[in-house]
Amino acid sequence: MKLSWKQYDLHLKHTFRISRSARDTASVMIVSFEHEGIVGYGEASPSSRYGESLETLVNFLSLINFEKFESPFLLDDILRYSETLLPGNSSAKCAVDIALHDWIGKKLGVPLHQMWGLNPKKIPLCSFTIAIDSKEAVEQKVREAEEYPILKVKLGLDNDKEMIDTIRKITDKPLYVDANEGWKTRERALESVKWLKKQNVVFIEQPMPASQFSDLQWLRDHSELPLIADESVVRLSDIPMLAQAFDGINIKLMKCTGLREALKMIHTAQAAGLKVMMGCMIETAVGISAAAQLGPLLDYCDLDGNVLITDDPFDGVRNTKGRLILNGKPGIGATPRMT
Ligand code: MG
């Protein structure tokens, strides 16, 4: 059992600005797990919000030693071991989790969604993200996104109203709104929610900082729109408390250490009466195709990380007019593009 990794610097079609940061490139690590002539692929897209970088990825991946495990089918043992190596390091753990799942699917000759008994036709329509920008740039992006039936709009700076007004002059599509913790007081957040309710907005993601839990509870009591946790939910253990302040959660493989924990989170959230969304970082078709295997279990799908980049080194799940189409290949269904 051998693990190797390679860095890719992905280029974004447009500058990706959210309430706390802006960037034109994203560096990810593609992990290859090789055993008995089969290669499973995984991906880590590190986020500084969760304390990761390319350096922490290399450090974590270098520590992994599969010697004491007889077979990749001992997935539970291997992932428990990976969990104990270091705290945090979620996207690095995720890369290992995806690569092992991919290997198992390939060894068995089945796509993961089939292994889990999921109907690939039940994936909800995927939203397309419009990041924060000038009026002119937002107009252009919204026109470019014409084929996508749902837009997810990043808000949380001082031009929220201009962003929404600009979009609403062009289209009446349903909008998801993501404030990325940008509204710092509950009064400001409630005022925004009230206005957005009138703009055909479906829900608000992470209106306020995760650290302001009691304000989020207050906001939920007063909000006429559903609130979805993103920065407030990292792992499975966060879910029971969140049911007091949110209507749903946004699960990301890169935050939660991978497919195995994501599946547990989906069932736990549903048992707590929470809606389930899956989102992503800027990722290649490896991370997105892995997440899409769980797509049939979702209420909301926001897996557009690879359609925001110009140079995806992998092929995998296709996004056609917001509909995610799994390709039926074994494992996660992602293959390297010939360059
Ligand atoms: Mg978000």
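A quick note: this is a predicted structure, and the numbers were derived from the prediction, not measured. (Residues numbered from 1 in each chain as written. Predicted model: local features only at pLDDT ≥ 70, side-chain atom pairs only at ≥ 80, totals over all residues. Heavy atoms only, no water.)

J.: I'm lost on a nonpolar patch on the surface in this one. Help?
T.: Side chains of Phe73, Leu108 and Met115 sit close together on the surface and give an oily, nonpolar patch of about 270 Å² of accessible area. Mapped onto the elements, Met115 comes out in helix α4 (residues 112–115). Take Met115: its relative accessible area is 34%, and that puts it in the partly exposed class. (Patch = residues over 30% accessible without salt bridge, like charges linked within 9 Å, V, L, I, M, F, W, Y side chains within 5 Å. Areas by Shrake-Rupley, 256 points an atom, 1.4 Å probe, with all protein chains shown as cover. Salt bridge = Lys/Arg side-chain N within 4 Å of Asp/Glu carboxyl O. Helix = DSSP H or I, 4+ residues; strand = E, 2+ residues; numbered from the N terminus. Buried < 20%, exposed > 50% of the residue type's maximum accessible area, 1.4 Å probe, protein only.)

J.: How do you make sense of the nonpolar core when you look at a structure like this?
T.: Across soluble globular proteins, you tend to see nonpolar side chains buried next to one another. Counting 88 residues, the largest nonpolar core has Leu196, Ile204, Ile249, Ile251, Leu253, Met278 and Leu303 as its most contacted members. In contact with Ile251, other than residues within four places in its own chain, are Cys256, Ala262, Met265, Ile266, Val276, Met277, Met278 and Gly279. Membership of the second largest hydrophobic core comes to 23 residues, among which are Phe33, Ala44, Ile64 and Ala99. (Core = buried A, V, L, I, M, F, W, Y, C linked by side-chain atoms within 4.5 Å. Contact = heavy atoms within 4.5 Å.)

J.: I keep staring at unusual backbone geometry and nothing clicks. Help me out?
T.: Working note: non-glycine residues mostly have negative phi, and peptide bonds are mostly trans. One non-glycine residue, Thr257, lies in the positive phi region at around 80 degrees. Along the chain, Thr257 falls in the loop between α10 (253–256) and α11 (259–271). Since its relative accessible area comes to 9%, Thr257 is described here as buried. Unlike most non-glycine residues, Lys321 shows phi in positive territory, near 50 degrees. Relative to the helices and strands, Lys321 is located in the loop between β13 (318–320) and β14 (323–325).

J.: Help me understand helix α5 (residues 135–144) in this model?
T.: Since the α-helix turns once every 3.6 residues, residues separated by three or four places project in the same direction. Burial in α5 covers these residues: Ala137, Val138, Lys141 and Val142. Take α5 and look down its axis: the buried residues cluster within an arc of 135 degrees, on one side only. Within α5, the exposed residues directed more than 90 degrees away from the buried face are Glu136 and Arg143. In this structure, the buried side of α5 is in contact with β1 (2–18), β4 (128–130), β5 (151–154) and α6 (160–170). (Arc of directions from axis to C-beta.)

J.: I tried to follow the packing of aromatic side chains on my own but got confused; where do I start?
T.: Overall, the coordinates contain 9 aromatic pairs when judged by the stated rule. Ring plane angle 85 degrees and centroid distance 6.2 Å describe the contact between Phe33 and Trp103, whose orientation is recorded as edge-to-face. Highlighted residues: Phe33 in strand β2 (residues 21–35) and Trp103 in helix α3 (residues 90–108), separated in sequence by 70 residues. Owing to a relative accessible area of 1%, Trp103 belongs among the buried residues under this scheme. Grouping aromatic residues by their ring pairs yields a cluster made of Phe33, Phe66, Phe73 and Trp103. (Phe/Tyr/Trp six-rings, centres within 6.5 Å; stacked < 30°, edge-to-face > 60°.)

J.: Where do I start with the sheet that holds β2 in this structure?
T.: Neighbouring strands of a sheet are bound in pairs by backbone hydrogen bonds; such pairs are parallel or else antiparallel. If you walk across this open sheet you meet the 3 strands as β1-β2-β3, and the pairing is antiparallel. Because the sheet does not close on itself, it has two edges, and the strands there are β1 and β3 (38–44). Averaged over all pairs of adjacent strands, the angle between their axes in this sheet comes to 25 degrees, without regard to strand direction. Summarising the sheet, β2 and β3 pair through 7 bridges and their orientation is antiparallel. Residue Ile30 lies in a different strand from β3, and its bridge partner there is Glu43. Lying over the sheet, helix α1 (residues 54–63) contacts β1, β2 and β3, oriented at roughly 15 degrees with respect to β2. (Pairing = 2+ DSSP bridges. Axes fitted to C-alpha atoms, helices over the stretch in contact; angles between N-to-C directions.)

Nothing here speaks to function; it is geometry throughout.
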